[in-house]
Amino acid sequence: MDDGTRENVSREIFASPSNALLALRMSSWVLVLPVAKRVFPIERLARFMWRDGRGLRVPERESYVIRLGCRLTRFSGSNCLERSLILYRYLGSGGADPTLVLGVVTGKGQHRFGHAWLVVDGAPLIDAQTELELYEPFVAFGPGARRISEPAATSSTAR
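Residues numbered from 1 in each chain as written. Predicted model: local features only at pLDDT ≥ 70, side-chain atom pairs only at ≥ 80, totals over all residues. Heavy atoms only, no water.

What follows is about the pattern of salt bridges. Counted under the stated rule, the structure contains 5 salt bridges. One salt bridge in this structure joins arginine 67 and glutamate 12, with 2.5 Å as the shortest N-O distance. Of this pair, arginine 67 sits in helix 4 (residues 59-76) while glutamate 12 sits in helix 1 (residues 3-13), placing them 55 residues apart in sequence. Judged by relative accessible area, glutamate 12 falls into the partly exposed class, the value being 22%. The closest approach of N and O atoms between arginine 57 and glutamate 62, which form a salt bridge, is 2.6 Å. A residue is classified by how much of its surface remains accessible, and glutamate 62, at 14% relative accessible area, is buried. Because the salt bridges share partners, they merge into one network encompassing Arg57, Glu62 and Asp121. (Salt bridge = Lys/Arg side-chain N within 4 Å of Asp/Glu carboxyl O. Helix = DSSP H or I, 4+ residues; strand = E, 2+ residues; numbered from the N terminus. Buried < 20%, exposed > 50% of the residue type's maximum accessible area, 1.4 Å probe, protein only.)

Below you can see the structure in the form of structure tokens.
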């Protein structure tokens, strides 16, 4: 995210009371999730973070939620799981029906590297498809935090 985008997000926060309230609510999760992810299993976190959509999707609002979520988690030093859980919550409540995917890649010497990302409308939300091809999905949660039995097939990274 370049400086112009950061500046735009900062301006958007104060453009309306609803934007400011959303930023405050999302910021609270930025503070809570670093501890919660170490205490609760991912299944419980996914269920807790899921919120059903209300009404029609609003593309402009979704775009703002994504920019704000990326900005807040980048600023705080949060990781991909925290960012994905926050966006899972707020995009879900906006009717986008995101899928939360967790994957892993095994490097040399059996080091494992994990990553979390969202899929919306069949495509990765933030990460490039080519980057995600490095990861083997091992669990995915769809709308309602329902566990998807074949995460590789629904994450758009199947080999």
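This part is about the nonpolar core. Grouped together as the largest cluster of nonpolar side chains are 35 residues, with contacts concentrated most on Met26, Leu33, Leu68, Tyr88 and Leu100. Counting residues per element, the ones that place at least two in this core are helix 1, helix 2 (17-39), helix 3 (42-49), helix 4, helix 5 (80-93), strand 1 (99-106), strand 2 (112-120) and strand 4 (136-141). The contact partners of methionine 26, leaving out residues within four places of it in the chain, are Val65, Leu68, Gly69, Leu72, Ile86, Leu87 and Tyr90. Trp117, Val119, Leu132 and Tyr135 belong to the second largest nonpolar core, which has 7 residues in total. (Core = buried A, V, L, I, M, F, W, Y, C linked by side-chain atoms within 4.5 Å. Contact = heavy atoms within 4.5 Å.)

So, on to the pairing of strand 4. Bridge count for strand 4 against strand 5 (residues 147-148) is 2 bridges, and the pairing is antiparallel. The residue of strand 5 that forms the bridge with alanine 140 is isoleucine 148. Linking two consecutive strands that pair antiparallel, namely strand 4 and strand 5, is a turn of 5 residues; a positive phi of about 75° is found at glycine 144 within it. (Pairing = 2+ DSSP bridges.)

So, on to the layout of surface pockets. Volume-wise, the largest pocket comes out at about 180 Å³. As for the largest pocket, its lining consists of Leu22, Arg25, Arg54, Leu56, Val58, Arg61, Glu62, Val65, Tyr90, Leu91, Ser93 and Gly94. Of all the secondary-structure elements, those providing two or more residues to the lining of the largest pocket are helix 2, helix 4 and helix 5. Class assignment of the residues belonging to the lining of the largest pocket gives a composition of 6 nonpolar, 2 polar and 4 charged. (1 Å grid on protein atoms, 1.4 Å probe; cavity = no way out; pocket = protein on both sides within 12 Å on 5 of 7 lines; lining within 4 Å. Points joined across faces, edges and corners; volume = space filled by probe spheres on them. Nonpolar A, V, L, I, M, F, W, Y, C, P; charged D, E, K, R; others polar.)

Mapped onto the fold, alanine 96 is located in the loop between helix 5 and strand 1. Taking the C-alpha atoms as reference, alanine 96 lies 8.9 Å from proline 143; in sequence the two are 47 residues apart. Aside from chain neighbours lying at most four places away, what touches alanine 96 is Arg57, Glu62, Leu91 and Val120.

Now for the packing of aromatic side chains. Per the counting criterion, the structure on display carries 3 aromatic pairs. Between tryptophan 117 and tyrosine 135, the aromatic rings sit 6.0 Å apart at their centres with planes inclined by 50°, giving tilted as the arrangement. In this pair, tryptophan 117 sits in strand 2 while tyrosine 135 sits in the loop between helix 6 (129-132) and strand 4, placing the two residues 18 residues apart along the sequence. (Phe/Tyr/Trp six-rings, centres within 6.5 Å; stacked < 30°, edge-to-face > 60°.)

We now examine the side chain of arginine 89. Here arginine 89 lies in helix 5. For the buried arginine 89, no salt bridge exists, and the shortest N-O distance to an oppositely charged side chain is 11 Å, to aspartate 52. Those residues in contact with arginine 89 that sit more than four places away from it in its chain are Trp29, Phe48, Met49 and Arg51. (Lys, Arg positive; Asp, Glu negative; His and termini not counted.)

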